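# Observations on chain architecture
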Amino acid sequence: MIGAGYVGLTSGAVFADLGNTVWVVRRDAGKIEKLKKGIIPIHEPGLAAIVKRNVKAGRLIPTTKYEECVPFADVVFIAVGTPDGKNGADLTQVYTAAAEIARNLKSGYTVVVDKSTVPPGTADEVTAILNKYKKKGAKFDVVSSPEFLRQGNAVEDTTKPNRVVIGSASKKATVLLVKLHTPLKCPIVITNVRSAEVIKYTANAYLSMRIGFIDQIANLCEKMGADINDIIRGIGLDKRIGLHYWWVGMGYGGYCFPKDVKALAALFDKVGERDNLFRKLDQLNDDRAERFAKKTEKALGSLKGKTIGVLGLSSRPDTDDIRGSVPVNFIRELLKLGAKVRAHDPMAQENARREMGDTVAYFPDPYSLAKGVDGLCVVTEWPHFKKLDLTKIRKLMKGKLLLDSKNVYSPERVRKLGFTYLPTGR
Ligand code: NAD
């Protein structure tokens, strides 16, 4: 497993738990040494225990060296990062990994799998790189098998996936990968390579679009005196639509959705479809943080010199990852408008500090943060934010503004406590 981040480490640990021998490769020796002791570099519920027991059993082997594992592997997964680039996904890590894999391929047969999210056509590029650098006698097939896990839920999503997609032009490679995934007892969708690559972007773009869509309707609700929660019930009971996955708020965030929608929009541009839905979706989502900062400003008259408390720094609960973070974007907009910002997150604080430095003051809990603030903004749905003692919070605050971007509180109750309450779309 090349790459031992959220995807590589989780998949590697789960494959090891199924009885396979798995090497996980990453470049930073310090983190590999920690992994050898069962200490994981990320927060994912349940992952540390699986890593620990499989490292101890010798089934999960962390290493920095391709030569220690690639020549012995039947399957090599590429699970490195594919961040947002200048014009679509930046594939540098994938291509670097492919070249390293090529130099270490054994003589004989290996399946190389693109697990990273990569634009259609990438498997062809990876094939070309493998052919360029491989030794004589090394044979391989490149397969696309994208990952669908959600951060904060990675172990559950990997042990019980909704489906596994295998995009392959080789029967031999398909048989091997089906065998590897069969113990997961989930549907396996077998396609050609390009379709598998497109499936991943389609899934992420669709989920992002549901969020972008309901955010737009929330804007309308605020102008028309309608209630987004009622709208969701009213549409969601239609079986064609469903009640699930309507996440109203400051837009979609996290590592994947923003960069994958941007990459898809860039791909449409590239194939001459400039007038596409995804460019607009991306732009509307990017504007969302500013919209909420202005909403806060309007409620307080001005943000100059005002102290605003922000609860939540990662886009979703149960992760310490702040890549593509909606709260971080929101904080940056608040700062532009002259606010002094305080923040609290039970897990993502250290990563946020690295990203935003001392422009923000960090607090160990919501109550110490609330003391003396002019406004409080709840941005991430951590369960303990939902259960806050709002009577105490109201007394601690200097002002009375409560922005509830995810609609976690009851408007009647909050207003009764004397807050100026700003929910979303209601
Ligand atoms: P990550 O940044 O957490 O992990 C990437 C890992 O690759 C890091 O450990 C890094 O050190 C390592 N790496 C980079 N270049 C390397 C190289 N040449 N050799 C060895 N190791 C190298 O990223 P992630 O969140 O695990 O995402 C990986 C891929 O999976 C991305 O394409 C992402 O879009 C996709 N994906 C992510 C998620 C998610 O929720 N995080 C879900 C589905 C798909």
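A count of helical and extended segments in the protein chain gives 18 helices and 15 strands. The globule rule puts the C-alpha radius of gyration for 426 residues at 22 Å, and the 23 Å found for the protein chain is close to it. For the protein chain, the proportion of its 426 residues judged to be buried stands at 53%. Summarising the internal contacts of the protein chain: among those between residues at least 6 apart in sequence, 71% fall at separations of at least 24. Carbon and sulfur atoms make up 54% of the accessible area of the protein chain, which amounts to about 19500 Å² in all. Within the protein chain, one finds 68 positive and 46 negative side-chain charges whose respective centroids are separated by 3 Å.

This brings us to helix H3 (residues 47-56). Where H3 is concerned, the buried positions are Leu-47, Ile-50, Val-51, Asn-54 and Val-55. Down the axis of H3, the sector holding all buried residues measures 120°, keeping them to one side. Buried residues belonging to H3 abut helix H1 (6-17), helix H2 (29-36), strand E2 (60-63) and helix H6 (154-159). Looking one or two residues past H3, Gly-58 carries a phi angle of roughly 80°, positive in sign.

A few words on the nonpolar core. Membership of the largest hydrophobic core comes to 34 residues, with the highest contact counts inside it found for Leu-9, Leu-47, Val-51, Leu-60, Phe-77, Val-111 and Leu-177. Mapped onto this core, the elements with two or more residues apiece are H1, strand E1 (22-25), H2, H3, strand E3 (75-78), strand E6 (108-114), strand E8 (164-167) and helix H7 (171-181). Counting residues per element, this core draws most heavily on H1, which supplies six residues. In this structure, Leu-177 is in contact with Val-75, Phe-77, Val-111, Val-113, Val-143 and Ile-166, ignoring residues within four places of it in sequence.

With that out of the way, let us pick up the site of the ligand. Around the ligand sit 24 residues, and of these Val-7, Tyr-66, Thr-82, Gln-151 and Lys-259 come closest. Thr-82 is positioned such that a nitrogen or oxygen atom in its side chain is 2.5 Å from an oxygen atom of the ligand. The backbone of Thr-117 places a nitrogen or oxygen atom 2.9 Å from an oxygen atom of the ligand. Burial of the ligand by the surrounding chains reaches 90%, relative to a free accessible area of 840 Å². Two domains share the shell around the ligand, each providing at least three of its residues, namely domain 1 (6-190) and domain 2 (200-285).

Turning our attention to the environment of Lys-160. Locating Lys-160 in the fold gives a position in the loop between H6 and E8. When the C-alpha atoms of Lys-160 and Lys-239 are compared, they prove to be 24 Å apart, with 79 residues separating the residues in sequence.

Taken domain by domain, the protein chain holds domain 1 (6-190), domain 2 (200-285) and domain 3 (287-422). For domain 1 versus domain 3, the distance between C-alpha centres works out to 38 Å. Tallying the contact residues gives nine residues for domain 1 and eight residues for domain 3. Summed over both partners, the interface of domain 1 with domain 3 comes to about 650 Å²; 42% of that surface belongs to carbon and sulfur atoms. Among the residues of domain 1 in contact with domain 3, Tyr-6, His-43 and Gln-151 are the three that bury the most area, contributing 71% of the side total. Applying the counting criterion to the domain 1 and domain 3 interface returns zero salt bridges. One can count five residue pairs in polar contact (both at pLDDT 80 or more) joining domain 1 with domain 3. Grouping the constituent residues of the side of domain 1 that touches domain 3 by class yields four nonpolar, four polar and one charged.

The subject of this paragraph is the packing of aromatic side chains. Applying the stated criterion across every chain yields a total of six aromatic pairs. Considering the side-chain rings of Phe-15 and Phe-77, the 5.5 Å spacing of their centres and the 20° angle between planes classify their relative orientation as stacked. One end of the pair, Phe-15, is in helix H1; the other, Phe-77, is in strand E3, with 62 residues separating them in the sequence. An angle of 35° between the planes, with centres 6.4 Å apart, marks the rings of Trp-23 and Phe-72 as tilted. Residue Trp-23 is located in strand E1, and its partner Phe-72 is located in the loop between E2 and E3; the two are separated by 49 residues in the primary sequence. A relative accessible area of 19% places Trp-23 in the buried class. Taking relative accessible area as the criterion, Phe-72 reaches 56% and is therefore assigned exposed. A cation sits over an aromatic face here: Arg-323 above Tyr-255, 3.5 Å from the ring centre.

Once that is clear, we can look at unusual backbone geometry. Residues other than glycine predominantly adopt negative phi, and peptide bonds predominantly adopt the trans conformation. Located in the positive-phi region is Tyr-245, a residue other than glycine, with phi close to 60°. Positive phi values are uncommon outside glycine, yet Asp-318 reaches one of about 65°. Relative to the helices and strands, Asp-318 resides in the loop between strand E10 (307-311) and helix H13 (326-336). Under the relative-accessibility criterion, Asp-318 is labelled partly exposed at 31%.

Here six strands make up an open sheet; going across it, the order is E12-E11-E10-E13-E14-E15 and the pairing parallel. The open sheet has two edge strands, strand E12 (360-362) and strand E15 (420-423), and neither has a second partner. Between one strand axis and the next, the sheet turns by 20° as a mean value, whatever way the strands run. Alignment of strand E14 (residues 401-404) against E15, held across four bridges, turns out to be parallel. The partner of Leu-401 across the bridge, within E15, is Thr-420. Helix H14 (residues 349-356) contacts strand E11 (340-344) and E12 of the sheet and is inclined by roughly 160° relative to E12.

Calculation notes
Residues numbered from 1 in each chain as written. Predicted model: local features only at pLDDT ≥ 70, side-chain atom pairs only at ≥ 80, totals over all residues. Heavy atoms only, no water. Helix = DSSP H or I, 4+ residues; strand = E, 2+ residues; numbered from the N terminus. Rg over C-alpha atoms; globule rule 2.2 N^0.38 Å. Buried < 20%, exposed > 50% of the residue type's maximum accessible area, 1.4 Å probe, protein only. Contact = heavy atoms within 4.5 Å. Areas by Shrake-Rupley, 256 points an atom, 1.4 Å probe, with all protein chains shown as cover. Lys, Arg positive; Asp, Glu negative; His and termini not counted. Charge placed at Lys NZ, Arg CZ, Asp CG, Glu CD. Arc of directions from axis to C-beta. Core = buried A, V, L, I, M, F, W, Y, C linked by side-chain atoms within 4.5 Å. Near = heavy atom within 4 Å. Polar contact = N/O pair within 3.5 Å; in protein donor to acceptor, adjacent residues only side chain to side chain. Domains from an automatic or database assignment. Buried area = accessible area lost by both parts, 1.4 Å probe. Salt bridge = Lys/Arg side-chain N within 4 Å of Asp/Glu carboxyl O. Nonpolar A, V, L, I, M, F, W, Y, C, P; charged D, E, K, R; others polar. Phe/Tyr/Trp six-rings, centres within 6.5 Å; stacked < 30°, edge-to-face > 60°. Lys NZ or Arg CZ within 6 Å of the ring centre and 35° of its normal. Pairing = 2+ DSSP bridges. Axes fitted to C-alpha atoms, helices over the stretch in contact; angles between N-to-C directions.

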